[in-house]
Structure formats: C-alpha cells, structure tokens
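# Results of the structural survey
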Amino acid sequence: MRSEGGGEAIMSRSQISADLSGRKITLTGQIASVTERTTRDQKPYLIVNVALLEGDIDVFVWENIMAQTEGLWQ
C-alpha cells in the first residue's frame, strides 16, 4: 500500500522504528479509542489509540492538527 507521499503505509507495529523519528508517516489501522486532554496552558489535544497488526500505539493529535481535521475524531 502506498501513502500520499509515495512511501509505504505502516500497518504493523514492528514497522515503526527510531529511524522514522521526525518523518511524516501514514498509519493504516483501526482507531480503538480517543481521549480528550488539555495541556498545562489549557490547549486541547487528543490521545488516539490505533490498533495495528502486532499491537496498538498511541498517537498524539495536537491542536493545529485537530483544527485541520475537525469532525474526524468524533
């Protein structure tokens, strides 16, 4: 499966490694849960648990991304 950036979409937890740090990636999985939180400065963010093959990961969705993807996380 190809992502918009031309790279491989990540479907398995074993595909995630330190060399991906700071890179934009595409995850292919199922959203298991969404938890709303706020920072110390009272700015909203989400912790999204994504079920991948071989295990789940938590993805932090910051305020600027929430604004760009409004309605997606409900």
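Before reading on, note that the structure itself is shown above.
In this report, the structure presented in the accompanying data block is examined. (Residues numbered from 1 in each chain as written. Predicted model: local features only at pLDDT ≥ 70, side-chain atom pairs only at ≥ 80, totals over all residues. Heavy atoms only, no water.)

### Side note on the sheet that holds strand β1 (residues 30-38)
Sheet strands associate in pairs through backbone hydrogen bonding, adopting either a parallel or an antiparallel arrangement. The strand order β1-β2-β3 describes an open sheet built from three strands, whose pairing is antiparallel. Of all strands in the sheet, those with a lone pairing partner are β1 and β3 (55-61), marking the two edges. Averaged over all pairs of adjacent strands, the angle between strand axes in this sheet comes to 20 degrees, irrespective of strand direction. In the sheet, β1 pairs with strand β2 (residues 44-52) via eight bridges, with the strands oriented antiparallel. (Pairing = 2+ DSSP bridges. Helix = DSSP H or I, 4+ residues; strand = E, 2+ residues; numbered from the N terminus. Axes fitted to C-alpha atoms, helices over the stretch in contact; angles between N-to-C directions.)

### Re the nonpolar core
Listed in full, the six residues of the largest apolar core are L46, V48, V50, L52, I57 and V61. Mapped onto this core, the elements with two or more residues apiece are β2 and β3. Tallying contributions element by element places β2 first for this core, with four residues. Not counting the four nearest positions on each side in its chain, L46 is found in contact with V34, T35, E36, V59, F60, V61, M66 and W73. (Core = buried A, V, L, I, M, F, W, Y, C linked by side-chain atoms within 4.5 Å. Buried < 20%, exposed > 50% of the residue type's maximum accessible area, 1.4 Å probe, protein only. Contact = heavy atoms within 4.5 Å.)

### Focus on unusual backbone geometry
Positioned with a positive phi, Q42 is a non-glycine residue whose angle comes to about 65 degrees. By the secondary structure assignment, Q42 is in the loop between β1 and β2. When its relative accessible area of 59% is taken as the criterion, Q42 is described as exposed. Positive phi outside glycine occurs at E54, with the angle close to 70 degrees.

### So, the side chain of N49
Secondary-structure assignment places N49 in strand β2. Exposure remark for N49: the relative accessible area of 13% places this residue in the buried category.

### Some remarks on the packing of aromatic side chains
Under the definition given, this model contains three aromatic pairs. On the basis of an interplanar angle of 20 degrees and a centroid distance of 6.1 Å, the ring pair of Y45 and F60 is categorised as stacked. Residue Y45 is located in strand β2, and its partner F60 is located in strand β3; the two are separated by 15 residues in the primary sequence. With relative accessibility at 13%, the residue Y45 sits in the buried group. Here Y45 and W62 contribute two aromatic rings whose centre-to-centre distance is 5.0 Å and whose plane-to-plane angle is 40 degrees, an arrangement assigned as tilted. Of this pair, Y45 sits in strand β2 while W62 sits in the loop between β3 and α1 (63-68), and the two are 17 residues apart along the sequence. Members of the aromatic cluster, each reached through a chain of ring pairs, are Y45, F60 and W62. (Phe/Tyr/Trp six-rings, centres within 6.5 Å; stacked < 30°, edge-to-face > 60°.)

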